[in-house]
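What follows is the residue order along each chain.
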Amino acid sequence: MTITEQSLLDSVPGGLFIGGQWRPSSTGDVLDVRDPATGDVIKQIADATPADGLAALDAADTAAAAWAAASPRRRADVLRGAFDLLQERKEDAALLMTLEMGKPLAEARGEVAYGGEFLRWFSEEATRIQGRYGPNPENTGRMIVTQHPVGPCFLITPWNFPLAMATRKIAPALAAGCTMVVKPAALTPLTTLFLVALLEEAGLPAGVVNVVTTSSSSALSEPIITDPRLRKVSFTGSTPVGQSLLRQAADGVLRTSMELGGNAPFVVFDDADLDKAVDGAMAAKFRNIGQACTAANRFIVHSSVAGEFARRVTDRVEQFVVGRGTDPDVTIGPLIDEKAVAKTDELVADAVSRGAAVTTGGQRIDGPGTFYAPTVLTGVTAGSAVLREEIFGPVLAVATFDSEDEAVRLANDTEYGLVSYVYTESLSRGQRMIERLHTGMMGLNVGVVSNAAAPFGGWKMSGLGREGGTEGIHEYLQTKYTLTPSPFLPA
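Not measured: the values here are computed from a predicted model.

Draft legend 1. Summary view of the overall build of the chain. The number of helices and strands found in the chain is 16 helices and 24 strands. Scaling as 2.2 N^0.38, a compact globule of 491 residues should have a C-alpha radius of gyration of about 23 Å, and the chain matches this with 24 Å. Each of the three principal axes of the chain carries a C-alpha extent, and together these read 80 × 60 × 40 Å. Residues counted as buried form 56% of the 491 residues belonging to the chain. Put simply, the chain shows about 19000 Å² of open surface, and 53% of that area lies on carbon and sulfur atoms. Across the chain, 43 positive and 57 negative side-chain charges occur, with their mean positions spaced 6 Å apart.

Okay, here's the thing in structure tokens:
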């Protein structure tokens with residue numbers, strides 16, 4: 001640990017943020033935050049109890065009316081102020097993410113840019129919440145349609161993109177006029193604590209955003225979700241956890257946004273530009289060490305170009321440098337924990353047992369830290385777990401196809417439908433794939449699709465609702481229709 005790293009960690013608040021105050025857990029308990037590249041504890045923070053969670057909801061409920069009544073410009077100014085402060089401290093934010101999550105600094109800087117855009121985008125959307133006014137068909141009255149904040153929200157964020165996942169939920173909620181309780185992942189809570197300190201500095205009123213960090217997510221979440229004051233749950237994470245939260249939310253008929261698992265196909269046709277396809281594959285698979293719900297999971301490549309594609313991606317993968325993300329030469333950091341390493345190794349072993357070949361990698365790397373060698377598998381056969389389950393690791397698995405119909409069938413053969421990637425030089429084929437693939441997002445000859453101005457979300461078991469874009473703020477608004485008498489009718 002360098003002096004710079006330690007001073008940054010010391011500057012991050014370690015308490016719960018409730019009602020505008022930093023405070024310890026009600027029991028005084030703490031949880032350890034570890035650097036996955038070393039296994040070392042880098043900071044201890046408050047470990048919230050269910051009572052702390054309800055105290056945070058109390059604060060959000062108390063602040064709800066005033067924040068809902070705040071002018072759109074006031075909300076916009078807070079968000080824009082936080083964006084500006086984040087730009088001033090972007091190197092600190094990037095280093096903090098690298099320390100607690102492991103991604104290389106270059107990628108962490110990219111996340112700061114991406115995550116910050118949600119603050120800026122929704123600062124602009126805050127002043128554009130619109131309704132409509134007009135006569136009813138009979139001309140006996142005037143219809144007024146207005147948008148209103150849904151009320152207190154519970155926002156649950158994952159560990160893999162600790163800044164972007166927080167801003168993607170907090171920013172639209174603030175812009176819409178909602179208050180909230182935020183529960184970051186126990187593995188990477190420091191970035192959220194850093195962010196809320198910036199929001200506080202930007203003028204956020206007390207109680208509008210409350211942050212509770214905990215080692216017991218389900219115990220803390222259940223009483224919040226079942227409290228009648230809560231009106232919205234937004235969750236990013238695994239599909240099984242999302243299903244459990246939906247069941248809990250049903251009794252209160254809560255608004256829900258669920259960004260869940262993915263199993264993204266990456267389809268390479270025989271007419272694809274292989275240089276573009278390989279570049280896209282590197283971005284779609286290995287960004288964030290493969291730990292992304294948008295990561296390409298199944299590389300479905302035309303049999304006539306599969307050999308050359310595999311050779312090229314293998315050459316590129318062998319150039320990766322594995323190590324602690326703070327080293328500027330490192331391009332692949334650690335997986336988040338030992339469980340992730342074991343799961344990745346299990347998926348590779350299963351594929352190999354079914355006939356796949358390892359062209360590079362294929363094994364864990366001895367510690368300290370939780371590293372897995374970047375891997376390319378070829379000849380992956382139907383039935384392999386790596387084709388059914390979300391990998392969440394640096395493993396590129398290649399299967400083949402011979403016709404467009406077969407490619408579509410293979411791509412759609414999953415309960416998930418978050419994102420797909422297609423490489424073809426045919427405009428008509430590209431248009432057909434837009435129509436035929438069952439995913440909420442698609443990259444056509446591009447390997448990264450995420451953008452704050454675009455609606456992020458999936459079909460099928462990949463979730464409900466959208467984050468980002470003009471659609472994102474509507475997840476936190478509810479519609480009211482009012483009828484008034486026509487001003488032109490006799491009194």
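Draft legend 2. Just the packing of aromatic side chains, in detail. This model, assessed by the stated rule, comprises nine aromatic pairs. Pairwise contacts between aromatic rings join Phe266, Phe299, Phe309, Tyr421 and Tyr423 into one cluster. Looking at Lys232, its charged tip hangs above the ring of Tyr476, at a distance of 4.8 Å from the centre. Between Arg429 and the ring centre of Phe269, over which it is positioned, the NZ or CZ distance is 4.3 Å.

Draft legend 3. Layout of the environment of Gly469. Mapping Gly469 onto the fold places it in helix H16 (residues 469–472). On the basis of relative accessible area, Gly469 is assigned to the buried category, the value being 0%. In this structure the C-alpha to C-alpha distance between Gly469 and Thr236, which are 233 residues apart in sequence, comes to 17 Å. When neighbours within four sequence positions are excluded, Gly469 is seen to be in contact with Trp121, Phe122, Ala452, Ala453, Ala454 and Pro455.

Draft legend 4. Representation of the nonpolar core in the model. Membership of the largest hydrophobic core comes to 68 residues, with the highest contact counts inside it found for Ile170, Leu174, Met180, Leu190 and Val209. Here this core takes nine residues from helix H6 (residues 164–176), the largest share from any one element. Contact partners of Ile170, with chain neighbours within four places excluded, come to Leu155, Met180, Val182, Leu195, Leu199 and Val209. Membership of the second largest hydrophobic core comes to 51 residues, among which are Leu335, Ala351, Leu387 and Ile391.

Draft legend 5. Layout of the sheet that holds strand E20 (residues 419–423). On the basis of which strands lie adjacent, the open sheet formed by seven strands has the order E14-E17-E18-E13-E12-E20-E21 and mixed pairing. Two strands bound the open sheet, and with one partner strand each, they are strand E14 (357–360) and strand E21 (441–444). Adjacent strand axes in the sheet meet at a mean angle of 25° when their direction is disregarded. Note: E20 against E21, four bridges, orientation parallel. Residue pairing in the sheet places Ser420 in a bridge with Met442 of E21. On top of the sheet, helix H11 (residues 306–317) reaches strand E12 (264–268), strand E13 (296–302), E14, strand E17 (375–378) and strand E18 (395–401); it is set at about 165° to E17, its chief contact. Along the sheet face, helix H15 (residues 427–436) touches E12, E20 and E21 and points at about 165° away from the line of E21.

Draft legend 6. The arrangement of the pairing of strand E6 (residues 141–149) in detail. Here four bridges tie strand E5 (residues 132–135) to E6, and the two strands are oriented antiparallel to one another. Of the residues in E6, the one forming a bridge with Arg132 is Val145. Between E5 and E6, which pair antiparallel and follow one another directly, the connecting turn spans five residues, one of which, Asn139, has a positive phi of 60°. Of the strand pairs in this sheet, E6 and strand E24 (residues 477–485) are connected by nine bridges, and their pairing is antiparallel.

Draft legend 7. Region of the structure containing helix H12 (residues 338–353). In a regular helix each residue adds 1.5 Å, so 16 residues correspond to 22 Å; H12 covers 22 Å between its end C-alpha atoms and thus fits that length. Burial in H12 covers these residues: Ala340, Val341, Thr344, Leu347, Val348, Asp350 and Ala351. Against strand E15 (364–365), strand E16 (371–372), E17, helix H13 (385–388) and E18 lie the buried residues of H12. Note on H12: the residue one or two positions beyond its end, Gly355, has a positive phi of about 115°.

Draft legend 8. Main features of the pattern of salt bridges. Under the counting rule described, the total for this entry stands at 30 salt bridges. One salt bridge in this structure joins Arg311 and Glu308, with 2.6 Å as the shortest N-O distance. In this pair, Arg311 and Glu308 are both assigned in helix H11, three residues apart and thus about one turn of the helix distant. Residue classification places Arg311 among the partly exposed positions, given a relative accessible area of 43%. Here Arg436 ties to Glu404 by a salt bridge, and the two come within 3.3 Å at their closest N and O atoms.

Draft legend 9. Representation of the sheet that holds E24 within the structure. On the basis of which strands lie adjacent, the open sheet formed by three strands has the order E5-E6-E24 and antiparallel pairing. Pairing within the sheet leaves two strands with one partner each, and these edge strands are E5 and E24. Between one strand and the next, the sheet's axes are offset by a mean angle of 20°, whatever the strand orientation.

Draft legend 10. Highlighting the packing of helix H2 (residues 50–69) against helix H8 (residues 217–225). With their axes 8 Å apart at the nearest point, H2 and H8 run at an angle of 40° to one another. Classified by the angle between their axes, H2 and H8 sit oblique to one another. H2 and H8 meet at a crossing whose hand is right-handed. Between H2 and H8, the contacting residues are Pro50, Gly53, Leu54 and Leu57 on the first element and Ala219, Leu220, Pro223 and Ile224 on the second. Taken together, the residues of the contact of H2 with H8 sort by class into seven nonpolar, one polar and no charged.

Rules used in this analysis
Residues numbered from 1 in each chain as written. Predicted model: local features only at pLDDT ≥ 70, side-chain atom pairs only at ≥ 80, totals over all residues. Heavy atoms only, no water. Helix = DSSP H or I, 4+ residues; strand = E, 2+ residues; numbered from the N terminus. Rg over C-alpha atoms; globule rule 2.2 N^0.38 Å. Buried < 20%, exposed > 50% of the residue type's maximum accessible area, 1.4 Å probe, protein only. Areas by Shrake-Rupley, 256 points an atom, 1.4 Å probe, with all protein chains shown as cover. Lys, Arg positive; Asp, Glu negative; His and termini not counted. Charge placed at Lys NZ, Arg CZ, Asp CG, Glu CD. Phe/Tyr/Trp six-rings, centres within 6.5 Å; stacked < 30°, edge-to-face > 60°. Lys NZ or Arg CZ within 6 Å of the ring centre and 35° of its normal. Contact = heavy atoms within 4.5 Å. Core = buried A, V, L, I, M, F, W, Y, C linked by side-chain atoms within 4.5 Å. Pairing = 2+ DSSP bridges. Axes fitted to C-alpha atoms, helices over the stretch in contact; angles between N-to-C directions. Expected span 1.5 Å × (residues − 1). Salt bridge = Lys/Arg side-chain N within 4 Å of Asp/Glu carboxyl O. Parallel < 35°, antiparallel > 145°, perpendicular 65-115°, else oblique. Left-handed = near helix turned anticlockwise from the far one by under 90°. Nonpolar A, V, L, I, M, F, W, Y, C, P; charged D, E, K, R; others polar.

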